[in-house]
Amino acid sequence: MANYSDVQRAVRVEKFRIWFAWVSGGIIMLIIANATKNISIVSVITQVLLVVLGVLSTIAAVRMTNALNRKAEAARGEVLGEQ
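Draft legend 1. Main features of the pattern of salt bridges. Applying the stated rule across the entire model yields three salt bridges. For Asp6, the salt bridge goes to Arg9, with nearest N and O atoms at 3.3 Å. Remark: Arg9 and Asp6 occur in helix α1 (residues 4–35); sequence separation between them is three residues, near one turn of the helix. With relative accessibility at 35%, the residue Asp6 sits in the partly exposed group. Arg9 gets classed as partly exposed once you look at its relative accessible area, which sits at 45%.

Below is the structure:
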């Protein structure tokens with residue numbers, strides 16, 4: 001069994017990866033939206049799709065972060081003998 005500090009460190013790294021991917025995706029979406037801004041119908045379709053994808057990716061990132069928090073809390077309880 002891994003000790004609590006190892007689990008804590010792993011959770012922190014995974015959270016960083018999740019949110020780094022979220023920020024990177026947001027930047028890519030902004031670049032795509034900026035590239036299509038002069039083509040009227042494509043711009044509208046692109047913006048709508050990117051807003052929907054942005055909301056979905058935000059929900060996914062928050063859910064993954066919450067799952068990692070629960071995992072860390074369970075490991076903490078295991079180490080402290082609170083089960």
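Draft legend 2. Quick peek at the packing of α1 against helix α2 (residues 40–80). Axis separation between α1 and α2 bottoms out at 10 Å; the angle between their running directions is 175°. By the angle between their axes, α1 is roughly antiparallel relative to α2. Here the contact of α1 with α2 is built from residues that sort into 18 nonpolar, seven polar and three charged.

Draft legend 3. Up close: the nonpolar core. Membership of the largest hydrophobic core is limited to seven residues, which are Val7, Val11, Ile18, Ala61, Leu68, Ala72 and Ala75. At the level of secondary structure, the elements contributing two or more residues to this core comprise α1 and α2. Per element, the largest residue contribution to this core is four residues, and it comes from α2. In this view, Leu68 contacts Val11, Glu14, Lys15 and Ile18; residues no more than four positions away in its chain are not counted.

Draft legend 4. Seen up close, the packing of aromatic side chains. Under the definition given, this model contains two aromatic pairs. Aromatic side chains Trp19 and Trp22 sit 5.4 Å apart centroid to centroid with 75° between the ring planes, which places their arrangement in the edge-to-face category. Pair noted here: Trp19 and Trp22 are both in helix α1, with a separation of three residues, about one helical turn. Classification of Trp22 by relative accessible area gives partly exposed; the value is 34%.

Rules of the game
What you see as residue numbers is a count from 1 along each chain, following the sequence as written. It should be noted that, the model being predicted, local features are given only for residues of pLDDT at least 70 and side-chain atom pairs only at 80 or more, the latter also being counted only at that level, while totals for whole chains, interfaces and linings use all residues. Note: side-chain values were computed over all heavy atoms of the structure, leaving out hydrogens and water. A side-chain nitrogen of Lys or Arg and a carboxyl oxygen of Asp or Glu constitute a salt bridge if their distance falls within 4 Å. Every helix listed is a DSSP run of H or I at least four residues long, and every strand listed is a run of E at least two residues long, numbered separately from the N terminus. Between buried and exposed lies partly exposed: a residue is buried under 20% and exposed over 50% of the maximum accessible area for its type, with that area taken using a 1.4 Å probe on protein chains only. Only the stretch in contact is used when fitting a helix axis, every axis being a line fitted to C-alpha atoms; angles between N-to-C directions are given from 0 to 180 degrees. Every angle not falling under 35 degrees, over 145, or within 65 to 115 is termed oblique; those three ranges are roughly parallel, roughly antiparallel and roughly perpendicular. Think of it as three bins: nonpolar holds Ala, Val, Leu, Ile, Met, Phe, Trp, Tyr, Cys and Pro, charged holds Asp, Glu, Lys and Arg, and polar takes everything else, Gly as well. Here, the term nonpolar core denotes a set of buried Ala, Val, Leu, Ile, Met, Phe, Trp, Tyr and Cys residues that are joined through side-chain atoms within 4.5 Å. Contacts: residue pairs with any heavy atoms within 4.5 Å of one another. Here a Phe, Tyr or Trp ring, Trp counted by its six-membered ring, pairs with any other such ring whose centre lies within 6.5 Å, and the pair is stacked when the planes are under 30 degrees apart, edge-to-face when over 60, and tilted otherwise.

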